[in-house]
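Chain residues, written in single-letter form:
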Amino acid sequence: MRKPAARNTYRTGFLHSRAWFARRDRWFREEVERHGQLRCEACLQVATNRQLELHHLDYSGVASVDGRWQAREPHEDLVALHPFCHELLHRLLDRDIVLSRHRSRRNGSLFAINRLQHKLASRSEDHA
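About the cut-offs
- Residues numbered from 1 in each chain as written.
- Predicted model: local features only at pLDDT ≥ 70, side-chain atom pairs only at ≥ 80, totals over all residues.
- Heavy atoms only, no water.
- Helix = DSSP H or I, 4+ residues; strand = E, 2+ residues; numbered from the N terminus.
- Rg over C-alpha atoms; globule rule 2.2 N^0.38 Å.
- Buried < 20%, exposed > 50% of the residue type's maximum accessible area, 1.4 Å probe, protein only.
- Contact = heavy atoms within 4.5 Å.
- Areas by Shrake-Rupley, 256 points an atom, 1.4 Å probe, with all protein chains shown as cover.
- Lys, Arg positive; Asp, Glu negative; His and termini not counted.
- Charge placed at Lys NZ, Arg CZ, Asp CG, Glu CD.
- Pairing = 2+ DSSP bridges.
- Salt bridge = Lys/Arg side-chain N within 4 Å of Asp/Glu carboxyl O.
- Expected span 1.5 Å × (residues − 1).
- Arc of directions from axis to C-beta.

(A) Representation of the overall build of the protein chain within the structure. A tally of regular secondary structure across the protein chain gives 5 helices and 6 strands. Helices and strands in the protein chain line up, N terminus first, as α-α-β-β-β-β-β-β-α-α-α. For 128 residues, the compact-globule estimate of 2.2 N^0.38 gives 14 Å, and the C-alpha radius of gyration of the protein chain, at 15 Å, lies within 12% of that figure. Taking the principal axes of its C-alpha atoms as reference, the protein chain extends roughly 55 × 35 × 20 Å. Counting all 128 residues of the protein chain, 34% fall into the buried class. If you take every contact in the protein chain between residues at least 6 apart in sequence, the share linking residues at least 24 apart comes to 64%. Here the protein chain has roughly 8500 Å² of accessible surface; of this, 49% comes from carbon and sulfur atoms. With 23 positive and 16 negative side-chain charges, the protein chain shows a separation of 5 Å between the mean positions of the two kinds.

Pasting the structure below:
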């Protein structure tokens, strides 16, 4: 399981804010305009926006100013993942000290996503 949300205003505040829901909706619209469809970055399966979550590669676009959340993440700072794949990604990031502490969040996340892609692809080949 992910780290507890207590005292984590990003998870308890930002991810429940109007700013985040508006940014999330805009990201999905932009992604469909760019690629014609939505896809989980880890398992590469086509999905809908209701089936996907967004993972932050970088938090620099997230801010709270005078108690109001702002969501100004560039499109490239977010990636779509199924909830299961998102959980797997966080498990890798939380358990691997190199990924979580010795790389930037972006590089650690991208490396972990690449590992998940290979693991999930080989798993689906084994079941084919």
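(B) A look at the pairing of strand β5 (residues 68-71). Both strand β4 (residues 62-65) and β5 contribute to a ladder of 4 bridges, which runs antiparallel. Across the sheet, residue S64 finds its bridge partner in β5, namely W69. Linking β4 back to β5 in an antiparallel pair, the connection comprises 2 residues, with D66 at a positive phi of about 50°.

(C) Here's a closer look at the pattern of salt bridges. In total, this model carries 7 salt bridges according to the counting rule given. Where E30 meets R23, a salt bridge forms, and the shortest distance between an N and an O atom there is 3.9 Å. Its relative accessible area of 2% is what places R23 among the buried residues. Note that E76 is salt-bridged to R34, the shortest N-O span being 3.5 Å.

(D) Representation of helix α2 (residues 18-35). Taking 1.5 Å of rise per residue, the 18 residues of α2 would be expected to cover 26 Å, and the 26 Å separating its terminal C-alpha atoms lies within 8% of that figure. When we look at burial in α2, the residues that qualify are W20, R23, R24, W27, F28 and E31. Within α2, the buried residues cover an arc of 140° as seen down the axis, which keeps them to one side. What points out from α2, more than 90 degrees from its buried face, is the exposed set R18, R29 and E33. Buried residues belonging to α2 abut β1 (38-39), β3 (53-56), β5 and β6 (78-81). G36, located one to two residues past α2, shows a positive phi value of around 80°.

(E) Examining unusual backbone geometry more closely. A positive phi angle, close to 65°, is found at L44, a residue other than glycine. If you trace the backbone, L44 turns up in the loop between β1 and β2 (46-47). For D66, which is not glycine, the phi dihedral falls at a positive 50°. Inspection of the secondary structure puts D66 in the loop between β4 and β5.

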